[in-house]
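Now for the letters of each chain:
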Amino acid sequence: MSFEIQPETRHGVRLGVEVGGLHLKNPVIAASGCFSYGEDVKDFFDSGVLGGIAAKGLSLAPRPGNEPPRICETPSGMLNAIGLQNVGVDAFVEKKMPFLRSLTSTALIANIFGTTIDEYARLAARLDSVPDVHALELNISCPNVKAGGIEFGKKPEAAAQVTRAVREASTLPLIVKLSPNVTDIVEMASAVHEAGADAVSLINTITGMAVDLERRRPVLANTVGGLSGPAIRPVALRMVWEVCTKTEVPVIAIGGIASARDALEFLMVGARAVQIGTAGFVDPQVWPDTVDGIARWLHEHDIEDIRDFIGSLEQ
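Heads up: these notes are all about the structure in this document. The structure displayed is predicted, hence computed values, not measured ones.

Turning next to the packing of aromatic side chains. The way to describe two aromatic rings as a pair is by their centre distance and the angle between their planes. The final tally for this structure, using the stated rule, is 6 aromatic pairs. Ring plane angle 35° and centroid distance 6.1 Å describe the contact between Phe45 and Trp287, whose orientation is recorded as tilted. With Phe45 in the loop between strand E5 (28–30) and strand E6 (52–54) and Trp287 in helix H9 (residues 286–300), this pair connects stretches of sequence that are 242 residues apart. Classification of Phe45 as buried rests on a relative accessible area of 9%. Every member of this aromatic cluster is reached through a ring pair, and the members are Phe35, Phe45 and Trp287.

Attention now moves to the sheet that holds strand E13 (residues 206–209). Spatially, 4 strands are ordered E7-E8-E16-E13 in an open sheet, and the strand pairing comes out antiparallel. The open sheet has two edge strands with one neighbour each: strand E7 (71–74) and E13. Averaged over all pairs of adjacent strands, the angle between their axes in this sheet comes to 40°, without regard to strand direction. Of the pairings in the sheet, the one linking E13 to strand E16 (residues 224–228) comprises 4 bridges and is antiparallel in character. Paired with Thr207 across the strands is Gly226, a residue of E16.

Attention shifts here to the pattern of salt bridges. According to the stated counting rule, one finds 13 salt bridges in the structure shown. Its salt-bridge partner being Asp262, residue Arg233 comes within 3.2 Å of it at the nearest N-O pair. Note that Arg233 is positioned in helix H6 (residues 233–246) and Asp262 in helix H7 (residues 260–268), a separation of 29 residues in sequence. On the basis of relative accessibility, which here comes to 10%, the residue Asp262 falls in the buried class. For Arg307, the salt bridge is made with Asp305, and the minimal N-O distance between the two is 2.8 Å. Sharing partners across several salt bridges, the network here consists of Glu8, Arg10, Asp292 and Arg296.

This part takes up the pairing of strand E8 (residues 77–80). Here is the key point about a regular strand: its side chains alternate between the two faces of the sheet. Burial of the side chains of E8 extends over both faces: Gly77 and Leu79 are buried on one face and Met78 and Asn80 on the other. Two elements, E7 and E8, share 4 bridges in a ladder whose sense is antiparallel. In the strand pairing of E8, Glu73 is matched with Met78.

This part is about the environment of Val166. When you line up the elements, Val166 lands in helix H4 (residues 156–169). Judged by relative accessible area, Val166 falls into the buried class, the value being 1%.

The strands that make up a sheet pair up through hydrogen bonds in the backbone, lying either parallel or antiparallel. Pairing in this closed barrel of 8 strands is parallel, and the strands run E5-E6-E9-E10-E11-E12-E17-E18 around the ring. Neighbour-to-neighbour, the strand axes of this sheet turn through a mean angle of 25°, independent of strand direction. Note that strand E17 (residues 251–253) and strand E18 (residues 273–276) share 2 bridges and pair parallel. Following the sheet pairing, Ile252 is matched in E18 by Ala273. Helix H2 (residues 117–128) rests against strand E9 (107–112) and strand E10 (135–139) of the sheet, and its axis sits at about 155° to E9.

Of the pockets and cavities examined, the largest pocket occupies roughly 860 Å³. In terms of lining, the largest pocket is formed by 49 residues, of which the most central are Ser32, Gly33, Cys34, Asn80 and Phe281. Elements that contribute at least two residues to the lining of the largest pocket include exactly E8, E18 and helix H8 (279–282). With 3 residues, the top contributor of residues to the lining of the largest pocket is H8. For the lining of the largest pocket, the class distribution of residues is 24 nonpolar, 21 polar and 4 charged.

About the thresholds
- Residues numbered from 1 in each chain as written.
- Predicted model: local features only at pLDDT ≥ 70, side-chain atom pairs only at ≥ 80, totals over all residues.
- Heavy atoms only, no water.
- Phe/Tyr/Trp six-rings, centres within 6.5 Å; stacked < 30°, edge-to-face > 60°.
- Helix = DSSP H or I, 4+ residues; strand = E, 2+ residues; numbered from the N terminus.
- Buried < 20%, exposed > 50% of the residue type's maximum accessible area, 1.4 Å probe, protein only.
- Pairing = 2+ DSSP bridges.
- Axes fitted to C-alpha atoms, helices over the stretch in contact; angles between N-to-C directions.
- Salt bridge = Lys/Arg side-chain N within 4 Å of Asp/Glu carboxyl O.
- Contact = heavy atoms within 4.5 Å.
- 1 Å grid on protein atoms, 1.4 Å probe; cavity = no way out; pocket = protein on both sides within 12 Å on 5 of 7 lines; lining within 4 Å.
- Points joined across faces, edges and corners; volume = space filled by probe spheres on them.
- Nonpolar A, V, L, I, M, F, W, Y, C, P; charged D, E, K, R; others polar.

In structure tokens, the structure reads:
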């Protein structure tokens, strides 16, 4: 069932966008894993200003995640090896959905993860019947777990197989979150689109590592983690541009976005919406500030509808 809302108009600019059948009042989405289930920021701003929220990744059963330490700061970024810690789908529906359901004009995207194709399909079917879940984001790109996830996101055939299974299990708009740790991002996007994905979100984190020179040990207990933040933005921008220019797959951009100007760059190369994650740890106001900043910039440049700006890069 399509989630349709009235597009937001701010500073005289129409901000509504559509991504693979999912309608958003504005193009700013809180990225999965960095926003928890929405309630954590309620003392900073009203989550209802967002176009969408991608909730923290869900598995069938609760997961404790990896052993600490599992986060460390890096130059212009952050390494994390959380390991998809989450409350499990049943607790999510019972305890987290009431708050998210109260955000009546903000789209809720459920990010799901499994260790087998069957787990992905069962999760999708479970959420398909939950009112006010408006789309699924299929995580096949987390580098911080030892089974599932990235194992499905390394090869086009495997990615297509799990996408097809989820498509058969759910009627919701389906977004596949892709990993940058592949040889050809265009091939990956095309494969999942042909298998039934309505859109892709990219990029997820880049696999990285930090060491403690004095202790002569890895900083993270998991040894490696996912690098996010401004350090990866040029890589993300290039990959989003490639998929937008070489395919017809709708794209939600992620990767180091920390301001309205950052978001506008991704929209200009063809992304239809953006997700912001790591920047929120520095300043939670980045989410509402980005919504307002996008509208202000477009107004200052005499653009009345954001859709006239999307994909406007000149070459």
